[in-house]
Amino acid sequence: MIVRACLLGVSLVIGSWLPAAAQTNAPYPSTYSPASSPPTAIVGATVLTAEGPVIDQATVFFRDGKIAAIGQGIELPADALVIDGTGKWVTPGIIDIHSHLGVFSSPGVPSMRNGNEKTGKNTAEVWAEHSLWPQDPGFEMARRGGVTTLAILPGSANLFGGRSVTVKNVPSISVQGMKFPDAPYGAKMACGENPIFYAARGNDPFTRMGNMAGFRSAFIDAQAYLEKKQKGESQKTDLRLETLAGILSGEITTHIHCYRADEMMQMIDLSREFGFQIGTFHHASEAYKIAGVLAEEGIGVATWADRWGFKLEAYDGVPLNVAALEWAGVHTMLHSDSAVLVQRLNLEAAMARSSAARVGEEISAEVAIRWITLNPAESLGIADRTGSLAPGKMADLVLWSTDPFSVYAVAEKVFVDGVTVVDRDAPADEPDSDFLLGQPVMGALK
């Protein structure tokens, strides 16, 4: 059964074993390359490009894995596969900037909990891709929710949890076959309760002041390491310091788990002390309190629509957090941090819009779609290739049964680089995880 699923999932759907020339010099290169697909046009749909206004009665034409044209009155080649989009909507594929699929995978047994290297407060040397299990059925369920790209992060047990990896949400035998070609690395950091609660050794910090001292000590060491490296001085490669030096040099962006406004301000001071740019605060329940500061600093926020109160540092959340950030000019995103929530990120965006509407303010569909597409693509450094629908970009897109911000919306067809990875009109042609086959509850979600 495993062989059948792998063959169907890789050789027939995505040619992920093919080499990607641009990654040949990387230590763990991507081998992802899309399979061939016919020229395809979705005709008569309402289109949200994430770059401009809604386009009604439009055609989206893609070929050779790229968007070729979007608009009305597009002349199609005779060999194009035409899909009727009347009454339906097309959006870019959803991008989840905070996922643990594959590292905290299902089945949820202890041996599959590979996201936290809880052996110390600083484990910047570990890479999430070395824990990622491509057969996690969560990837398949996420595809059915329209998710085409994910940033897979280590957990938040450590001050420095390790490197993240960006992946295309395609069936694959190996992580290399999912790895987004040439996507920059990220680094997971965490402040607050989690590093305190998960203290692993007697000499680990057990307070917030201990956490800050741990951050500062690590960056002091990284500064010295980076200076020697930049001068060309001989030194043994240190995997931990390589990641931290990458943060200082700007080659690696930061994903910082941080809930409280006061702690975000501490982290901003930390970034000023050591001269690095914070990429994104994740979860950030109290970000609304310092929205102006975040906008001025150019720091993105990835959060939920209304999740709060599950621990003390998440207690002071408000339903208007997302809207307040958007109104202040913050680079705003929604994330999942969950194998369940990743299946309905479109509804997270809808809930955030509704919170704004309840106070008499309207957030347009054009803005809301960016929270789960273009904005995360920009934060991950891949917006030149995906995240919006524009000629020349990857044909990562979703055909929805209706307005994607409706609770009734279903992702009918999902394309990654023009290749169909979800087709509810032909479910027998979809790859099925061995861990979902024969499970009627899961099967009913198709």
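**Overview of the pairing of strand β11 (residues 280–283)**
- In terms of strand pairing, strand β10 (residues 253–258) meets β11 through four bridges, oriented parallel. Residue Ile-256 lies in a different strand from β11, and its bridge partner there is Phe-281.
- Traced from β10 through helix α6 (residues 261–274) to β11, the parallel crossover comes out right-handed.
- Bridge count between β11 and strand β12 (residues 300–303): three bridges; the pairing is parallel. Residue pairing across strands places Thr-280 opposite Gly-300, the latter belonging to β12.
- Taken together, β11, helix α7 (residues 291–297) and β12 constitute a β-α-β crossover, and its handedness is right-handed.

**Focus: the environment of Ile-382**
- By secondary structure assignment, the location of Ile-382 is in the loop between α11 (374–379) and β14 (397–400).
- As a C-alpha pair, Ile-382 and Thr-166 span 216 residues in sequence and 9.4 Å in three-dimensional space.

**Notes on helix α5 (residues 239–249)**
- Counting buried positions along α5 yields eight of eleven residues, so the element is predominantly enclosed.
- Among the residues making up α5, those that are buried are Leu-241, Glu-242, Thr-243, Leu-244, Ala-245, Gly-246, Ile-247 and Leu-248.
- Buried residues along α5 sit against β8 (160–168), β9 (186–190), α4 (208–231), β10 and α6.
- Count one or two residues on from α5 and you reach Gly-250, which has phi positive near 90 degrees.

**Description of the confidence of the model for the chain**
- Here the chain averages 90 in pLDDT, and 89% of its residues register 70 or above.
- Considering only residues more than four positions removed or in separate chains, one finds that residues 1–24, a stretch of pLDDT under 50, has 62 contacts.
- Low pLDDT, under 50, characterises residues 441–446; the stretch is placed with eight contacts to residues that sit more than four places away or in other chains.

Thresholds, definitions, all that
Each residue is numbered by its place in its chain's sequence as written, counting from 1. Local features in a predicted model are, by the rule used here, given only for residues with pLDDT of at least 70; side-chain atom pairs are given and counted only at 80 or more, and totals for whole chains, interfaces and linings are based on all residues. Think of the side-chain values as coming from all heavy atoms in the structure, minus any hydrogens and water. By the convention used here, strands pair only if DSSP detects at least 2 bridges between them. For the purposes of this entry, the term helix denotes a DSSP run of H or I that reaches at least four residues, the term strand denotes a run of E that reaches at least two, and both are numbered from the N terminus. Here, the term right-handed applies to a crossover whose path from the first strand over the helix to the second runs clockwise when the strands point away from the viewer. For the exposure calls, accessible area comes from a 1.4 Å probe over protein chains only, and a residue counts as buried if that area is under 20% of its type's maximum, exposed if over 50%, partly exposed in between. Pairs of residues are marked as contacts when any of their non-hydrogen atoms sit within 4.5 Å. One number per residue, pLDDT, summarises how confident the predictor is, and it ranges from 0 to 100.

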